[in-house]
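# Topology and contacts: notes
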Amino acid sequence: MQEILPSHASDKHTRPYGDEEIERRLGACPKLASLQTINRALRQLLNSEHSLNSQIAEIIRRDPSLSARLLRMVNSVYFGNSTRISNIEEAVFFLGLRQIRELSTATPVIEDMQQLHPGTAGDAPLPWTELWRHSIGTAALTREILLSTSVTVDDDTDYLAGLLHNVGKVVMAYAFPDETRQIMGTTAADPAAVCSLEQDLIGWDHARIGAHYLARHQLSEEITFAVLYHNEPDQAPRHQMFAAAVQVADHLARHAGISGGFETIAPVEPDSWLKLPGWEILYGRDGKETALARAHVANSLQRLPSMLQGLV
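Here the structure is a predicted model, which means the values were calculated and not measured. (Residues numbered from 1 in each chain as written. Predicted model: local features only at pLDDT ≥ 70, side-chain atom pairs only at ≥ 80, totals over all residues. Heavy atoms only, no water.)

### Thoughts on the overall build of the chain
The cut-off we apply is this: The secondary structure listing takes helices from DSSP runs of H or I that are at least 4 residues long and strands from runs of E that are at least 2 residues long, numbered from the N terminus. The cut-offs for exposure are 20% and 50% of the maximum accessible area for each residue type, with area from a 1.4 Å probe on protein chains only; residues under the lower value are buried, those over the upper are exposed, and the others partly exposed. Contacts are assigned to residue pairs with any non-hydrogen atoms lying within 4.5 Å of each other. Residue burial considers only the protein chains on display, and all accessible areas are found by Shrake-Rupley using a 1.4 Å probe.
When its secondary structure is counted, the chain shows 16 helices and two strands. Classification of the 312 residues of the chain by burial places 52% in the buried group. Put simply, of all contacts in the chain between residues at least 6 apart along the chain, 71% involve residues at least 24 apart. As displayed, the chain offers around 13,800 Å² of accessible surface, 49% of which is attributable to carbon and sulfur atoms.

Here's what the structure looks like:
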């Protein structure tokens, strides 16, 4: 497998673990089947122009977790139905293919991640609800942001990049539980300060850990680079737009109060995302495109809490 993870991450620190030991521990983390076969049968139907709602509903019925999330979502305030929907086929009709695709992408990843870190004695306890609210919120916002640019995405690369941007934190908790507990108990000024602490304690930050883990699963370079560079998209040698979209989406989600729960970071001030490297990569600093982007972001932020209400 092609090595795509550069050694840019903070070699200046005195590190308790060398690269070889970090890679050994990460190599011991179980692979996730969902990252290689995300509901293959369902996705084939969703990508077909001739699929019937009844066919899609039949595949969904085979997955109790996906069925429960589907019904919870369609009955949330966001869809405003006056009567409760309990029929899967009817739910598919209300949600539409895009929402079903996002739900079918997120659900198996969530299930697998919780199996990876079930919370055994001695493990750092993970804030699963906040983690997934933040991950799914970032995924939805990453997709919304890239829709407002010239980037064309024909698959779910954009959504997966946002969904998996913090996968390194879960893997870090599995491989380095003591250090993770210390990181979770520390207040930081911003994500850069969190990454610096991770580098001090472990040697790699969660972005590099996550990208290394995803590379083992042979995910696309767009996703792996977006995860690796989501805190510094201007450093990405390729696929900067994906990394930039994830950085801005992550910032927006935290502004909306969806922090992720792993660490305590100072609140995100309104419009502070306009100063991010990711924003400049996506929209520039001034001009008509920036004004339109700000309006698009404001609309997405307004809808985000209700969008998440039925998902997590």
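### So, the packing of aromatic side chains
Here is the rule we go by: A pair of Phe, Tyr and Trp rings is counted when the ring centres sit within 6.5 Å of each other, with Trp represented by its six-membered ring. The angle between the planes then sorts it: under 30 degrees is stacked, over 60 is edge-to-face, the rest tilted.
Counted by the stated rule, this structure contains five aromatic pairs. With centroids separated by 5.9 Å and ring planes inclined at 80°, the aromatic side chains of Phe93 and Phe94 adopt a geometry described as edge-to-face. According to the relative accessible area criterion, Phe93 is exposed, its value standing at 59%. Of the residues examined, Phe94 reaches a relative accessible area of 36% and is grouped as partly exposed.

### Let's talk about the packing of helix H12 (residues 206–216) against helix H13 (residues 221–228)
The description of two helices packed together rests on the angle between their axes and the distance between the axes. Going by this rule: For helices, the axis comes from a line fit to the C-alpha atoms of the stretch in contact; other axes are also lines fit to C-alpha atoms, and the angle between any two N-to-C directions lies between 0 and 180 degrees. Angle categories are assigned with fixed cut-offs, so that under 35 degrees is roughly parallel, over 145 is roughly antiparallel, 65 to 115 is roughly perpendicular, and the rest are oblique. The handedness criterion is simple: a crossing whose near helix is rotated anticlockwise from the far helix by less than a right angle is left-handed, and one whose near helix is rotated clockwise is right-handed. Think of it as three bins: nonpolar holds Ala, Val, Leu, Ile, Met, Phe, Trp, Tyr, Cys and Pro, charged holds Asp, Glu, Lys and Arg, and polar takes everything else, Gly as well.
Between H12 and H13, the least distance of the axes is 7 Å, while the angle of their chain directions is 165°. Relative to H13, H12 is oriented roughly antiparallel. Relative to H13, the crossing made by H12 is right-handed. Along its contact with H12, which presents Ala207, Arg208, Gly210, Ala211, Leu214 and Ala215, the element H13 presents Ile223, Thr224, Val227 and Leu228. The residue makeup of the contact of H12 with H13, split by class, is seven nonpolar, two polar and one charged.

### Focus on the environment of Asp158
Structurally, the position occupied by Asp158 is in helix H8 (residues 157–163). Beyond its immediate chain neighbours, meaning those up to four positions away, Asp158 contacts Thr142, Arg143, Leu146, Val153 and Phe242.

### A closer look at the environment of Asp286
Relative to the helices and strands, Asp286 resides in the loop between helix H15 (277–283) and helix H16 (288–309). Asp286 sits twelve residues away from Leu274 along the chain, and the two C-alpha atoms are 9.8 Å apart.

### Focus: the packing of helix H9 (residues 167–175) against H12
One can describe the packing of H9 onto H12 by two numbers: an axis separation of 7 Å at closest approach and a directional angle of 90°. Considered as vectors, H9 and H12 are oriented roughly perpendicular to each other. Contacts between H9 and H12 involve Val167, Gly168, Lys169, Val171 and Met172 on the former and, on the latter, His206, Ile209, Gly210, Tyr213 and Leu214. Of the residues that constitute the contact of H9 with H12, the class distribution is six nonpolar, three polar and one charged.

### Section: the confidence of the model for the chain
To keep things clear, this is the line we draw: The pLDDT value tells you how sure the predictor is about a given residue, anywhere from 0 up to 100.
When the pLDDT values of the chain are averaged, the result is 82; 82% of them are 70 or greater. Of all helices and strands in the chain, the one with the weakest mean pLDDT is helix H2 (residues 40–46) (59), whereas helix H14 (residues 240–255) scores best (96).

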